[in-house]
Amino acid sequence: MIGLNEMQAKAASHTDGPLLILAGAGSGKTRVLTHRIANLIQNKNIAPYSILAITFTNKAAQEMRERIGTLIGESVAKDMWISTFHSMCVRILRRYAQKIGYSKSFTIYDTQDQKTLIKETFKALNINDKDYPNIMGYISNNKNQMILPKQALVTDNHKEKIMANIYDKYQDKLYENNAMDFDDLLVNVCILFSTNPDILVYYQHKFKYILVDEYQDTNGVQYELVKQLANAHHNLCVVGDDDQSIYGWRGADIRNILDFERDFENTVVIKLEQNYRSTKNILTAANKVVAHNKGRKPKALWTSNDIGDNIKVMQVKNEYRESDAIVDIILRNNYEYKDCAILYRTNAQSRVIEEKMIHNDIPYRLLGGLRFYERKEIKDLIAYLRAISNSQDNVAIKRIINVPKRGIGQATIEKLDNYAVNMNLFDTINYCRQMDILGGAISSKIAKFLDLIIALRDIAKYNDVKLLLEKVLELTQYISYVKITEPDDAEDRIENIQELISKAANYMNTAPEPSLDNFLEEIALVADIDNYDQQSNSVVLMTLHSAKGLEFPVVFMPGLEEGLFPSYMSTVDNGDNDKLEEERRLAYVGITRAREHLYILYANERTLYGQVRANLRSRFLDELPSEVIDFEDATHSAASSFNKKANSFSSNSFNKPSNSKSTFSANSFNAKSSSNKSSFSATTKTAGFSQTNASSFSSAINSNNKPKSSNPPINFSVGDTVKHKLFGLGKVTEVIISTDDLLLTVAFESGQLKKLSTKYAKLQKIVSPSA
DNA sequence: TGCGGTGGGTTTTTT
DNA sequence: ACCCACCGCA
């Protein structure tokens, strides 16, 4: 096969029987998978609809479909099932939900909804929730291992028995609400298959060839599903890398890949060990680190790429200097923003980095943290849609029954709840109104709410999702509610609402069969990473977990400190080293994301959980081979001065850091975009101002690197017309000269007034009045 | 019912 | 340091 190496070609041309592809990082597995599918369709005459490919994210699914599309034609590729486990299960369940007692408009509950429902469960059982802090994990673990409530109840352990009771009751409540949590989607398909063997047989015969990507991250239910589906044809191809198994905490079972050969007879094993991604130095470092793990299949990843630069390890004073250093490196080396990724262990680390990005006018995108669909205003509106779509969704109804305020308080809701023994809340409300059970005043308020929902349901019958949303806003006066209750955040929240509407519009234009249920489903199953647009020219910030499957020319890994990375959680229990080894794999994943340049940083002290702590450097650093490392002690570099100055601009309404309490506007994700084409992709944000003191430039580093090309000194004067690639055209209204920089105030045509440093902001002079 | 203040608990990763 | 639940008051 063209463009494939021997092993890749072997894997791609394999057809029948179980196949295990052990694909090292950057070994071109997606290429292999796509070629394999193309081969099945073109040369083996396999119908596209009999192929099932399971990926880890929707984004990966989409990409695979596109790549296969370019190989064999889009119209052919579209008939294949390429999706995540969760999407696949929803697709099956929408068709057969009735068989397991659900209606096909069932709702998918996210983590927040789960929490709400579990809280209710505690209340119903009269148990103090504080005594069972880890109940969510308990329930999820059970589901991941296919342990149903009735089975969990069989235990002598008192505490476990109570937890099983909560699990049981919680499950009942989900059922009453016609709702499923994430794990249920998988479990319920298993239940469907075991109670309806004919349906299983149907899918077994439908899917003649099954492929599973990222197999090392599958959990017990997923294993079970795959095994059952593949049981008729045994044409199961799994791809994975035990060294990249990083979801053990979520129930992923590394044994699934380690024991594959044992579980599936006559397995052919193919190893892809040539890395096409990284330089020799980067690969050497990655190999050395992961070699410290005991529980792994031996392998030797190699590359014929150049040796490349050494890996730079930098010691800095604290997290602020760390961010300075990153910014400095990006600017000095003139790296393209889109080539750079900053990968960290915890989301909390993003904030300081974001601040520096903003201060230095570097466009960035942030993945993770508070997701778009988890924001209050978005959840509220979605709750309306859910209440319209699924009348049994009590969690949704309770969320909005008094939002905006309708004078229906906690007391009333409890009263209703008490009536609702065998009835859902909606029917109870209806009943109470008819029977005039509640007091007159309350009764009329409840009646109004009921009429609202009924009216909206009627609208939903004849209109699309976008219009429905607009009607919800109109009839609830939600916008003015936001303005009144949260004047400070109203602007951001309204922007988010508009974004939601444009997403709905986009959905209506692109979905093959648009419907309210389907829209809600898409919303429930999107991950941040799914919206990550690699084309936009901005630095990307994300966790190491989110970075799985991606690659970047330049990678920064800040926070390589004991307690942070590896997380202290992984070092506490000494029973086994499983958790620590998973952290090490995470380090391996991080290192292998880099193509050409890798920068690893650690700070002497860092504010963590509210306290300044001095952490030791991460043990993983000591596992790096010294011959490929350039170490730099930047501990004593001068503090930069722009922190304080920058703060004086912080009332600027544009771009506050994401974790700030007052706003989420800079949680760069989706907040600003409103065009329908790009509305499903992340939005680039830039800073509202730049640093005011150029001397901070060299603050964090005593680097030997000379900037490849610094911006040529252009003279700007008041009255000049300038162009900025993000803000557009503007007029210079003020010029401040510092030692080696010009600081301009520019009034842009968009109305924005910005302070920009000519050194960093790429400003183009268009017209000079004196010329 | 709605508010503001306080005190206690939590702080890894996410489909 | 931040979040959230709870309490007391208007």
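Presented here is an overview of the structure given in this document. Keep in mind it's a predicted model, so treat the numbers as computed, not measured. For every chain, the first residue of the written sequence is number 1, and numbering continues from 1 along that sequence. Working convention: letters from A go to chains and numbers from 1 go to ligands, in the order in which they are written. Only residues with pLDDT of at least 70 are given local features in this predicted model, and only at 80 or more are side-chain atom pairs given and counted; all residues enter the totals for whole chains, interfaces and linings. Where side-chain values are given, they derive from all heavy atoms of the structure, hydrogens and water being excluded.

1. Concerning the sheet that holds strand E2 (residues 51-55)
- We call two strands paired when DSSP finds no fewer than two bridges between them. Numbering goes from the N terminus for both helices and strands, where a helix is a DSSP run of H or I of at least four residues and a strand is a run of E of at least two. Spatial strand order, E3-E2-E6-E7-E1-E8: six strands in an open sheet with parallel pairing. Edge positions in the open sheet fall to strand E3 (81-84) and strand E8 (268-272), since each of these has one partner strand only. Here the average twist between neighbouring strands, direction ignored, is 15 degrees.
- Looking at chain direction, E2 and strand E6 (residues 209-212) are connected through four bridges and run parallel. Only the contacting stretch of a helix is used when fitting its axis, a line to C-alpha atoms as for every element, and angles between N-to-C directions run 0 to 180 degrees.

2. Let's talk about the protein's contact with DNA strand B
- Taken together, the neighbourhood of DNA strand B is formed by 26 residues, with Arg 345, Asn 347, Lys 405, Gly 409 and Tyr 609 sitting nearest.
- The criterion for a residue being near a molecule or strand is simple. One of its heavy atoms has to lie within 4 Å of it. Of all atoms in DNA strand B that approach within 4 Å of the protein, 53% are sugar or phosphate atoms.
- Definition of a polar contact: a pair of N or O atoms within 3.5 Å, with one able to donate and the other able to accept a hydrogen when the atoms are protein atoms, and with sequence-neighbouring residues admitted only if both atoms are side-chain atoms. Thr 543 is positioned with one of its side-chain polar atoms (N or O) 3.0 Å from a phosphate oxygen of DNA strand B.
- Note that a phosphate oxygen of DNA strand B is positioned 3.3 Å from one of the side-chain N or O atoms of Ser 546.
- Looking at the surface near DNA strand B, the elements with two or more residues in it are helix H20 (410-419) and helix H27 (568-572).
- Top element by residues in the surface near DNA strand B is H20. It accounts for three residues.
- Residues that form the surface near DNA strand B fall into these classes: 10 nonpolar, 11 polar and five charged. Ten residues, namely Ala, Val, Leu, Ile, Met, Phe, Trp, Tyr, Cys and Pro, are considered nonpolar, four, namely Asp, Glu, Lys and Arg, are considered charged, and the remaining ones, Gly among them, are considered polar.

3. Quick word on the environment of Ser 83
- Along the polypeptide, Ser 83 turns up in strand E3.
- The buried label goes to any residue with under 20% of its type's maximum accessible area, the exposed label to any with over 50%, and the partly exposed label to all in between, with areas taken from a 1.4 Å probe on protein chains only. Residue classification places Ser 83 among the buried residues on the basis of a relative accessible area of 13%.
- Separated by 443 residues in sequence, Ser 83 and Val 526 have C-alpha atoms that sit 12 Å apart.
- Setting aside its immediate chain neighbours within four residues, Ser 83 contacts Ala 53, Ile 54, Thr 55, Ala 61 and Met 88.
- Among the polar contacts made by the side chain of Ser 83, one reaches the main-chain amide nitrogen of Met 88 at a distance of 3.4 Å. The contact criterion used throughout is that any non-hydrogen atoms of two residues lie within 4.5 Å.

4. Quick word on the packing of helix H5 (residues 85-96) against helix H12 (residues 220-229)
- Two elements in contact, H5 and H12, have axes separated by 12 Å at closest approach and are oriented at 60 degrees. Classified by the angle between their axes, H5 and H12 sit oblique to one another. The handedness of the crossing between H5 and H12 is left-handed. Along the contact surface, H5 presents Phe 85, His 86, Met 88 and Cys 89, while H12 presents Gln 222, Leu 225, Val 226 and Leu 229. Any angle from 65 to 115 degrees is called roughly perpendicular, while one under 35 is roughly parallel, one over 145 is roughly antiparallel, and all others are oblique. Crossings are sorted by hand: turned counterclockwise from the far helix by less than a right angle, the near helix makes the crossing left-handed, and turned clockwise it makes it right-handed.

5. A word on the packing of aromatic side chains
- A pair of Phe, Tyr and Trp rings is counted when the ring centres sit within 6.5 Å of each other, with Trp represented by its six-membered ring. The angle between the planes then sorts it: under 30 degrees is stacked, over 60 is edge-to-face, the rest tilted. This model, assessed by the stated rule, comprises 21 aromatic pairs.
- Taken together, the aromatic side chains of Trp 81, Tyr 96, Phe 193, Tyr 202, Tyr 203 and Phe 207 make up a single cluster linked through ring pairs.
- Charges are assigned to positions over rings by a cutoff of 6 Å between ring centre and Lys NZ or Arg CZ, combined with an angular limit of 35 degrees from the ring normal. Taking the ring centre of Tyr 132 as reference, the NZ or CZ of Lys 159 above it sits at 5.3 Å.
- Taking NZ or CZ as reference, Lys 548 lies 3.8 Å from the ring centre of Phe 56, over its face.

6. Some words on unusual backbone geometry
- Omega for the bond connecting Val 403 with Pro 404 falls within 30 degrees of zero, at -10 degrees, which places this linkage in the cis form.
- For Asn 45, which is not glycine, the phi dihedral falls at a positive 60 degrees.
- Along the chain, Asn 45 falls in the loop between helix H2 (29-42) and E2.
- Despite not being glycine, Asp 361 has its phi angle at roughly 65 degrees, a positive value.
- With respect to the helices, strands and loops of the structure, Asp 361 is situated in the loop between helix H17 (350-359) and strand E11 (364-366).

7. Quick word on H5
- Residue count minus one, scaled by 1.5 Å, sets the expected span of a helix. Across its 12 residues, H5 extends 17 Å between first and last C-alpha, which sits within 8% of the 16 Å expected from 1.5 Å per residue.
- Counting buried positions along H5 gives nine out of 12 residues, so the element sits mostly inside the fold.
- Among all positions of H5, only Phe 85, Ser 87, Met 88, Cys 89, Val 90, Ile 92, Leu 93, Arg 94 and Tyr 96 are buried.

8. Describing the sheet that holds strand E13 (residues 552-557)
- With parallel pairing, the seven strands of this open sheet are ordered in space as E11-E12-E10-E13-E14-E9-E17. Two strands in the sheet have a free side with no partner beyond their single neighbour: E11 and strand E17 (629-633). Recorded for the sheet is a direction-independent mean angle of 20 degrees between the axes of neighbouring strands.
- Relative to E17, strand E9 (residues 311-316) runs parallel, the two being bridged by five bridges. Bridging from a neighbouring strand, Ile 311 pairs with Ile 629 of E17.
- Packed on one face of the sheet, H17 meets strand E10 (340-344), E11 and strand E12 (539-543) and runs near 160 degrees to E11.
- The strands touched by helix H28 (residues 578-591) are E10, E13 and strand E14 (594-603); relative to E13, the strand with the most contacts, the crossing angle is about 140 degrees.

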